[in-house]
Amino acid sequence: ASGCGIRLHQTAQVNANAATADNCCKTVDLTLGAVYVSRSSQLEFRSGSCINSGSNGMLIRRSIVTARSVTATGAAITGLHAESGSLVDATELTATGCGTNGLQVGFSSTVSAHTATLTGNTANDVQLQADARIGINDLTTTTIGAATASGVEADYGGISYFNVQTGDGVVVSENAPA
């Protein structure tokens, strides 16, 4: 598809388990995603795929999404971007080789990314913005960044802000490095 492969908005509810939205979005556009969910919609997308999106792999705004075991690699922008109060279960998400971030969480959104694989992304593997909350037990990643220096620092090994609320959000982990 030249636009979104899966698009939900205006309180839509869809079960798209094991669906494929690969090679969608032919234009780099911050407002597009191979999977786009917005405006109080709900999506069940377990074991789905949104590989090589020309924009975001998944863009989730003001919605609830189950994206367990999803592969969102090679996106031109971000593998999975959740914002504006979204609630996302991205357990076992794989987002590698994306143009900016593997996982971006912002603006009062909450993402569970336990056992996710987020590596080799151009900017950060995980990016927090404006009161984000992310759970990352057993995460495989190399870089975590924040919108400002007041939150999580950009070096995973040197993060001293696990389990502490900051202006940019909180990274919750039972097995955080000391």
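It should be noted that the structure appears before, not after, this text.
Conventions we followed
Residues numbered from 1 in each chain as written. Predicted model: local features only at pLDDT ≥ 70, side-chain atom pairs only at ≥ 80, totals over all residues. Heavy atoms only, no water. Helix = DSSP H or I, 4+ residues; strand = E, 2+ residues; numbered from the N terminus. Buried < 20%, exposed > 50% of the residue type's maximum accessible area, 1.4 Å probe, protein only. Contact = heavy atoms within 4.5 Å. Areas by Shrake-Rupley, 256 points an atom, 1.4 Å probe, with all protein chains shown as cover. Disulfide = S-S within 2.5 Å.

### Some remarks on the overall build of the chain
Point 1. Each helix and strand counted, the chain has zero helices and 16 strands in total.
Point 2. A burial count over the chain gives 51% of its 178 residues as buried.
Point 3. In the chain, of all internal contacts separated by at least 6 residues, the share reaching a separation of at least 24 is 38%.
Point 4. Accessible surface, the chain as shown: approximately 7,100 Å² in total, 48% of it carbon and sulfur.

### Details of the environment of Gly135
Point 1. Within the secondary structure, Gly135 is located in strand S13 (residues 132-135).
Point 2. We classify Gly135 as buried; its relative accessible area is 7%.
Point 3. When the C-alpha atoms of Gly135 and His114 are compared, they prove to be 6.2 Å apart, with 21 residues separating the residues in sequence.

### Regarding the state of the cysteines
Point 1. Going through the model one piece at a time under the given rule, you end up with zero disulfides.
Point 2. Take Cys4: it sits in no disulfide, and the sulfur closest to it among the cysteines is that of Cys25, at 4.7 Å.
Point 3. Left without a disulfide partner, Cys98 is nearest to the cysteine sulfur of Cys50, which lies 8.8 Å away.

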